[in-house]
Amino acid sequence: MHEVVEKVLVSQDEIIHKCAELGAKITSDYKALNEVPYVVGLLKGSVPFMAEIIKHIDLDIQIDFMDVSSYQGTKSVGDIRIDKDLDCSVQGLSILLVEDIVDTGRTLKEVKRTLMNKGAKDVKVVSLLDKPDRRVVDIEAEYVGFAIPNEFVIGYGLDYDQKYRNLPYIGVLKREIYE
Ligand SMILES: O=P(O)(O)OC[C@H]1O[C@H](OP(=O)(O)OP(=O)(O)O)[C@H](O)[C@@H]1O
Ligand code: HPA
Ligand SMILES: [Mg+2]
C-alpha cells in the first residue's frame, strides 16, 4: 500500500469484477435497445476505468475522449469549457459517458446538457464511484460501480494534486496529506 493511503476502499480485484458485471449489464441493455453506444471518457480521471470496462462491453463500440474544465470565479457555477472536444459530430448518437466519480454532479450535468444541445440522441453515464452525500445538482449515473462515503479518495484515475492516478486500487488519502 502506498504511504499516503490510509486504507484501501476498493481493491483491484473488486474493480475488475465490477467492470465485468457493469459491462455485461451495459451490453444487454444496449442490445435490448438495438443501439451501440459511442463511449466517451472524460479526461483524465476516467482513463484506467475506461480501459478496463470497454473490454467487457460486447458490442462494436467506438471510443472517444473529452476534456472539460469548470469556469471559476464570478461566472455562475455549472458552466464548462471544452478543452478537448470529440472527434465527430454527436448528432443522433447514443452516448455512454465514462467517469471515475460523481461528486457534486456539476461536471456530468453540464457535459450531458452540452451533448444533448449538440443533438445527441441519448446520453447515459457509467461511473466507477458515486459520492451521493456530496451531490448539489440533480443527476444520477445509470450505472455505478461503488457508492462510497464522503472521504477523499485516490487511485484508479483519481488524483490528489495530479498524482496517484496510477495506483491500481481506490484508497482513502491520509488526512495529514491535505490538512
Ligand atoms: O461531480 P463533480 O463535483 O463535478 O466532480 C467530479 C469530477 O471531478 C474530477 O475531475 P477533474 O475536473 O478534477 O479532472 P480530472 O478528471 O482530470 O482529475 C472527477 O474526475 C470528475 O470528473
Ligand atoms: O475523492 C476524490 N478524489 C479525487 N478527485 C475527486 N473529485 C471529486 N471527488 C474526488
Ligand atoms: Mg474528471
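The name given to the chain in an unreviewed UniProt entry is Hypoxanthine phosphoribosyltransferase, with the source organism recorded as Longicatena caecimuris. What the UniProt record of the chain gives under Sequence similarities (unreviewed entry) is the line "Belongs to the purine/pyrimidine phosphoribosyltransferase family." Quoted verbatim from the Function (unreviewed entry) heading of the UniProt record, the comment on the chain is "Purine salvage pathway enzyme that catalyzes the transfer of the ribosyl-5-phosphate group from 5-phospho-alpha-D-ribose 1-diphosphate (PRPP) to the N9 position of the 6-oxopurines hypoxanthine and guanine to form the corresponding ribonucleotides IMP (inosine 5'-monophosphate) and GMP (guanosine 5'-monophosphate), with the release of PPi."

On to the overall build of the chain, then. What the chain contains, in helices and strands, is four helices and nine strands. Of the regular secondary structure in the chain, the N- to C-terminal order runs β-α-β-α-β-β-β-α-β-β-β-β-α. Taken over the C-alpha atoms alone, the chain extends approximately 50 × 45 × 25 Å along its principal axes. Summarising the internal contacts of the chain: among those between residues at least 6 apart in sequence, 66% fall at separations of at least 24.

What follows is about the site of ligand 2. Residues in close proximity to ligand 2 include Ile101, Asp103, Phe152, Val153, Ile154, Leu158 and Asp159, which together make up its full environment. Taken together, the residues of the shell around ligand 2 break down into five nonpolar, no polar and two charged.

Within the largest apolar cluster, 40 residues are counted, with the highest numbers of intra-cluster contacts made by Val40, Ile53, Ile95, Leu96, Leu97, Val98 and Val126. Sorting the residues of this core by element identifies helix H1 (12-33), strand S2 (38-42), helix H2 (47-53), strand S5 (94-102), helix H3 (106-117), strand S6 (122-130), strand S8 (153-154) and strand S9 (170-173) as the ones contributing at least two each. With six residues, the top contributor of residues to this core is S5. Once residues lying within four places of it in the same chain are set aside, the contact partners of Ile53 are Cys19, Leu22, Gly23, Val98 and Val126.

The next point concerns the sheet that holds strand S1 (residues 5-10). One open sheet holds the three strands; their spatial order is S1-S9-S8, and the pairing between them is antiparallel. The open sheet has two free edges, formed respectively by S1 and S8, since each of these has just one partner strand. Pairing geometry for S8 and S9, over two bridges, is antiparallel. Opposite Ile154, over in S9, you have Gly171 as the bridge partner.

Right, let's talk about the site of ligand 1 for a bit. In the neighbourhood of ligand 1, 14 residues make up the surrounding shell, with Lys44, Gly45, Asp103, Thr104 and Thr107 lying closest. Contributions of two or more residues to the shell around ligand 1 are made by S5 and H3. Across the shell around ligand 1, the residue classes break down as four nonpolar, four polar and six charged.

Of all the five residues making up S2, five are buried; the element is thus mostly covered by neighbouring parts of the structure. Burial along S2 is two-sided: Tyr38, Val40 and Leu42 and Val39 and Gly41, pointing in opposite directions, are all buried. Here S2 pairs with strand S3 (residues 62-70) via five bridges, running parallel. If you follow Val39 over to S3, its bridge partner there is Ile63. For the segment spanning S2, H2 and S3, crossover handedness is right-handed. The pairing of S2 with S5 spans four bridges and is classified as parallel. Its bridge partner lying in S5, Gly41 is registered against Val98.

On to the sheet that holds S6. Sheets are built from strands paired through backbone hydrogen bonds, the pairs being either parallel or antiparallel. If you walk across this open sheet you meet the six strands as S4-S3-S2-S5-S6-S7, and the pairing is mixed. Two strands lie at the open edges of the sheet, namely strand S4 (80-84) and strand S7 (143-147), each paired on one side alone. Adjacent strand axes in the sheet meet at a mean angle of 30°, parallel and antiparallel pairs treated alike. Strand contacts of H3: S2, S3, S4, S5 and S6, with the helix running at about 165° to S5, the strand carrying the most contacts.

Conventions used here
- Residues numbered from 1 in each chain as written.
- Chains lettered and ligands numbered in written order.
- Predicted model: local features only at pLDDT ≥ 70, side-chain atom pairs only at ≥ 80, totals over all residues.
- UniProt positions renumbered as here; feature names shortened; annotations may be inferred.
- Helix = DSSP H or I, 4+ residues; strand = E, 2+ residues; numbered from the N terminus.
- Contact = placed C-beta atoms within 7 Å.
- Near = placed C-beta within 6 Å.
- Nonpolar A, V, L, I, M, F, W, Y, C, P; charged D, E, K, R; others polar.
- Core = buried A, V, L, I, M, F, W, Y, C linked by C-beta atoms within 7 Å.
- Buried ≥ 20, exposed ≤ 12 C-beta atoms within 10 Å, placed from the backbone.
- Pairing = 2+ DSSP bridges.
- Right-handed = clockwise from strand over helix to strand, strands pointing away.
- Axes fitted to C-alpha atoms, helices over the stretch in contact; angles between N-to-C directions.

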